[in-house]
Structure formats: C-alpha cells, structure tokens
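Take a look at the letters that make up each chain.
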Number of protein chains: 2
Amino acid sequence: MTTSQSGGRKAEAARNDLTVLNAAREVFFEQGYDAPMSAIAERAGVGMGSLYRRYRSKEELARCLCVLSMKGTNESAERALAEESSGWSALVRFMAESIDRGVGMVAQFAGEFPVTPEMVALSERGAAAMQAILDRATAEGSVRPDITAGDLVYLLQILRTNSAPTPTRVTTLRTRYLTLLLDGLRPHPTPTPLPGPAPTWPEISTRWTQTP
Amino acid sequence: MTTSQSGGRKAEAARNDLTVLNAAREVFFEQGYDAPMSAIAERAGVGMGSLYRRYRSKEELARCLCVLSMKGTNESAERALAEESSGWSALVRFMAESIDRGVGMVAQFAGEFPVTPEMVALSERGAAAMQAILDRATAEGSVRPDITAGDLVYLLQILRTNSAPTPTRVTTLRTRYLTLLLDGLRPHPTPTPLPGPAPTWPEISTRWTQTP
DNA sequence: GGCTAACGGAATGAACCGTTCCGGTCCAGC
DNA sequence: GCTGGACCGGAACGGTTCATTCCGTTAGCC
C-alpha cells in the first residue's frame, strides 16, 4: 500500500473518499458516463474494492457526483448574484466559475439514470438563480436582449468540449472561448439577429427524462 | 427487399452507396467513432452484408468519410475566398457551411486510425485556405486581431455539440450559437483580452498522431 | 426458366466492463 | 509483541456489446 501520509487506516479511508470523488469527477468529465469504473479506481490510486465499499454501484457514484455538482452550481450562482456589484460581473463570474468546476460533466449523465425529486428541486433552484442573474444583466443593458437563461445552459455545455494535449491547456482554451462568447453576449453596435428560438426549460429537461 | 425506386440491382447498388455514406456520416456525427456498424446499416436501410461488401472494415469506411469531409471543407473554404466580396463574408460563409456539413464529425476520428499522406496533404491545404480567409478579414479590420486560424478549428469543434430533442433543433441551435460566436469575433468597442495563447497547428495535429 | 450477383440478417468469437470475491496487510487493544 | 478483525488492492466471473463472417433467399439478366 502507499500510505505515505500520516494517520492510520481510518485517516486513509477518509482521504480516499475525497480522492475517489475527485477522480470520478475528472474521469467522467473526460470520458463520459461510459468511462470504466477501473479508470476511476486507477486515477484515484485505489483498488476496486475500496470503490465499491463506498458506493454500491456506478450509478450511485454518478448520482452522488451529480447532486454535488448541482449544489455547487447553485451556490456559485447565488453568491455571484449577492456579492457582485453589477449583473454583468455576476454573469461573468458565474460562467467562469462554472466552467472551472467542470459543470459540463453533469450533462454527460443525462438520461443515464432516473432523476430524483432532490435533483428536480436543485435544478429548479439553479434555473431561478441563473434567470435572476440574467434579468439583472439584461435590465442594466449589459447583455443583448435576445439571450435567455436556456442559452446560458447550452453555452456552458458547448464549452465543455475537451480536446487539447494537456489538461492545463484544456482549461486555458475553455477560458479563451468563454471570453469570446461573453463578448458575443454583450450588446453590439450592429448585432446580428440570432436565428431560431432560444432553448426552453422543458426542452432542456427532456434530455434527462427520456431514458433510451 | 424494398426496391421501391426504379432501376435494377445495379441501380440499387449505386443508390445504396450514397445512402450508406450519408447514414454513416450522420451516425458517426451523433454517436462518435464508437457507433456500432449495425446502427449505420439500419439508418441506411441496408443489411450488414451490403455494408461490408463496399467497405472492408469499419476503419476503411471512417477513413473514406474523413477524406470526403476534408475535401468538402477545403472546397468550401476556397470557394468562399474566391466568390465572396469581403473577408468577413467569406469567413461567415465558410463557418456556416462547415457546421451545416457537420464538419465536427471528423474530430471524432482523431487518434482512431493512422493518418495517411493524403490526409496530411488535405489538412495542410485546408489550413492554408482558412489562414487566407482569416488574413483577409483581419486586414480589412472586420475581425479582432487576436484571433488565429487555429481558433477557427477549435470553434468549429466546439459547435459540434449535439444535445437537443430533434435533429432539426440541433441544427438550429448550432446556427444560433455560431451567430453569437461570430459577433464575438468582430472588433468590439471594448474587447476583452483573450486569455492564453491561441492554438497552434502542431497542437491541433497532435491529437491525430497519438494513438492511445 | 435457370443462373448469378447482390441482398438482409442471424451466427460467431473476441473484447470490455460492472460487480464480486479473496488473500494479504495493517492497526487497536491487550 | 501479538493477534483478531477491518480494510486494502486487484484478479476472476458473468453478461453484454460489437465487428466481422456466413448463408439462405431473392431479383434481374440471358
């Protein structure tokens, strides 16, 4: 074993718990829900036994991660709204924090397991927070008016794209294109009309309820 | 069999060839290289036998599709450059045509099979054409100067994202966010500096050469 | 009317993955 | 210092999926 840190078996178990969660987040983000459990165990430096001692199944691990991610997103949105001085800075901060936390991972889980009432509640709370940020930014005139909260969800998913040589580079590029997108969101001297209706909430949640 | 159209066996074979290619393009685009061959056969309304009579293996089919897509992209870029009156309109037309043709499909193949010299040549020709479009647009001042041709490649890949209820909706949303991105590409009264260096060509091609 | 080429789809065999099980290892209490 | 029980890593198992092949059938051509 590689118990290099201090503490006994108990401490190792506690440390493993965090390590596993982080490893799972990374692996699911990179490879999607189809990533093998063995990949998560390997990334965490842990055997399969330890993985299944904490989570009865792959689905339980994914659900746990999903809920954690949604809670993080909600807190991020609510903090941004409360602490920032303008709608625009709240929007920028929320979007940046979201892609830093790899929020796109959750999208990989759509349709893989049934949604719980808790997840529905979290999702509704998140939707309200994002809508509030956007309303404030739109009201102060710092965002073009044809943008909706549904757009924000899709834009975050779009930015999840993950194909650069190193993980660091992936992060850098994601930030680069978020910046570009945010400039596109601002009111423009001659804005190009956006084609097609914006995404609606039913449309977004549909992907979660249909289990193919 | 469902030989509903006119013509004999020969004609059916010829029709099948196109149908198979289109079906493969769609399925690979939606599900990635891991899509089962049976899904392609089903989409094309054709048996497995007919599939393997035309392409010796899945890899051969994918390579064929890849080359076709690269040729299409190159022709699209060169035509846009030759026929459009401004760099900006050439850029817009090229980007729009590219996502309409589902150019992101090619990205799914990165690292799945070895690259041929033909593919290298096609890729270099495409890079030159995209660079020429961008140079012209930048020179006339219609694109912010911190954008490179490597950025265009990544932006096209980002827009490949594919998660809406219906295929039609997917296309609409892609166009919507392309429009948003293009507005972000234009010179802005107070442009936000883009973080991180732009992608380089070696960086882009690396993903193809490493076969994990 | 039979011959042959092309067809669709079932059969095959290998690879992969989620989950379980087991032999070894380490700490706690005596 | 020694031992019992909890915990660990990883190999083994069973099921599923998929690329590829094979074969009985069918539709045009002579």
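Since the model is a prediction, treat every value here as computed from it, not as a measurement. (Residues numbered from 1 in each chain as written. Chains lettered and ligands numbered in written order. Predicted model: local features only at pLDDT ≥ 70, side-chain atom pairs only at ≥ 80, totals over all residues.)

Chemist: What's the story with the overall build of chain A in this structure? I'm lost.
Modeler: Scanning chain A from N- to C-terminus turns up 10 helices and zero strands. Seen in sequence order, chain A has helices and strands lined up from the N terminus as α-α-α-α-α-α-α-α-α-α. Projected onto its principal axes, the C-alpha positions of chain A cover 60 × 35 × 35 Å. Looking at chain A residue by residue over its 212 residues, the buried ones come to 33%. In chain A, once contacts between residues fewer than 6 apart in sequence are set aside, the share between residues at least 24 apart is 74%. (Helix = DSSP H or I, 4+ residues; strand = E, 2+ residues; numbered from the N terminus. Buried ≥ 20, exposed ≤ 12 C-beta atoms within 10 Å, placed from the backbone. Contact = placed C-beta atoms within 7 Å.)

Chemist: Looking at this structure, how should I read the packing of helix α5 (residues 87-100) of chain B against helix α9 (residues 167-185) of chain B?
Modeler: The relative placement of two packed helices comes down to the angle between their axes together with the axis-to-axis distance. Residues and elements named next belong to chain B. Interaxial distance between α5 and α9 falls to 11 Å at its minimum, and their mutual angle equals 155 degrees. Classified by the angle between their axes, α5 and α9 sit roughly antiparallel to one another. Here α5 runs over α9; the crossing is right-handed. Here Val 92, Met 95, Ala 96 and Ile 99 of α5 lie close against α9, whose contacting residues are Arg 174, Leu 178 and Leu 182. Class assignment for the residues of the contact of α5 with α9 results in six nonpolar, no polar and one charged. (Axes fitted to C-alpha atoms, helices over the stretch in contact; angles between N-to-C directions. Parallel < 35°, antiparallel > 145°, perpendicular 65-115°, else oblique. Left-handed = near helix turned anticlockwise from the far one by under 90°. Nonpolar A, V, L, I, M, F, W, Y, C, P; charged D, E, K, R; others polar.)

Chemist: Whenever I open this one, the relation of the copies chain B and chain A confuses me. Can you help?
Modeler: To go from the first copy of the chain to the second, apply a rotation about an axis and then a shift along the same axis. The operation relating chain B to chain A is a screw motion whose rotation component is 180 degrees, with 0.0 Å of axial translation and a residual RMSD of 0.1 Å. Such a combination of turn and shift is consistent with a two-fold rotation axis. Minimal C-alpha distance to the rotation axis in chain B is attained by B:Gly184, lying at 1.9 Å. With an isologous cut-off of 70% or more, the 100% of interface residues of chain B that recur at the interface of chain A puts this contact in the isologous class. (Least-squares fit on C-alpha atoms with pLDDT ≥ 70 in both.)

Chemist: Any chance you could explain the packing of α5(B) against helix α7 (residues 117-139) of chain B here in plain terms?
Modeler: Residue and element names in this part refer to chain B. Between α5 and α7, whose axes approach to 7 Å, the crossing angle comes to 140 degrees. By the criterion of interaxial angle, the relationship of α5 to α7 is oblique. Along this stretch, α5 crosses α7, giving a crossing that reads as left-handed. Touching Gly 87, Trp 88, Ala 90, Leu 91 and Phe 94 of α5 are Ile 133, Leu 134, Arg 136, Ala 137 and Ala 139, all from α7. In terms of residue class, the contact of α5 with α7 is made up of eight nonpolar, one polar and one charged.

Chemist: Looking at this structure, how should I read the interface of chain B and chain A?
Modeler: Note on interface size: it is often stated as the accessible area lost on association of the parts. Every contact between the two is made by 32 residues of chain B and, on the other side, 33 residues of chain A. Taken together, the elements giving at least two residues each to the side of chain B that touches chain A come down to α8 (149-158), α9 and α10 (201-209) of chain B. Residue contributions to the side of chain B that touches chain A peak at 12 residues, all from α9(B). The class makeup of the residues in the side of chain B that touches chain A is 17 nonpolar, 11 polar and four charged.

Chemist: Help me understand α5(B), please; the structure alone is not making it clear to me.
Modeler: Helical geometry note: an α-helix holds 3.6 residues per turn, so side chains three or four residues apart project in the same direction. All names here are of chain B. The terminal C-alpha atoms of α5 lie 20 Å apart, and with 14 residues this matches the ideal 20 Å at 1.5 Å per residue to within 8%. The complete set of buried residues in α5 reads Gly 87, Trp 88, Ala 90, Leu 91, Val 92, Phe 94, Met 95 and Ser 98. Among the residues trailing α5, Gly 102 stands out with phi positive, at a value near 65 degrees. (Expected span 1.5 Å × (residues − 1).)

Chemist: So what exactly am I meant to see when it comes to the domain arrangement of chain A here?
Modeler: You can read the domains of chain A as domain 1 (1-56) and domain 2 (65-208). Here the C-alpha centroids of domain 1 of chain A and domain 2 of chain A sit 29 Å apart. (Domains from an automatic or database assignment.)

Chemist: Just to check I follow, could you spell out the nonpolar core for this structure?
Modeler: General note: in soluble globular proteins, nonpolar side chains tend to be found buried as a group. Judged by nonpolar contacts, the single largest core of 100 residues is most densely connected at A:Leu91, A:Ile133, A:Leu134, B:Leu91, B:Ile133 and B:Leu134. In contact with A:Ile133, not counting residues within four places along its chain, are A:Ala77, A:Ala80, A:Leu81, A:Gly87, A:Ala90, A:Leu91 and A:Phe94. (Core = buried A, V, L, I, M, F, W, Y, C linked by C-beta atoms within 7 Å.)

Chemist: Please clarify how the environment of A:Ala62 should be interpreted in this entry.
Modeler: Residues and elements named next belong to chain A. Inspection of the secondary structure puts Ala 62 in helix α4 (residues 58-83). Sequence separation of Ala 62 and Ala 107 is 45 residues, and the distance between their C-alpha atoms is 12 Å. The contact partners of Ala 62, leaving out residues within four places of it in the chain, are Phe 28, Tyr 33, Phe 109, Glu 112 and Phe 113.

Chemist: Just checking my understanding: could you explain the confidence of the model for chain A for this structure?
Modeler: The predicted coordinates should not be examined in detail at positions where pLDDT is low. Residues of chain A with pLDDT of at least 70 account for 92%, and the chain-wide mean is 90. Taken as a whole, residues 1-6 of chain A scores under 50 in pLDDT and shows three contacts with residues more than four places along the chain or in a different chain. (pLDDT = per-residue confidence, 0-100.)

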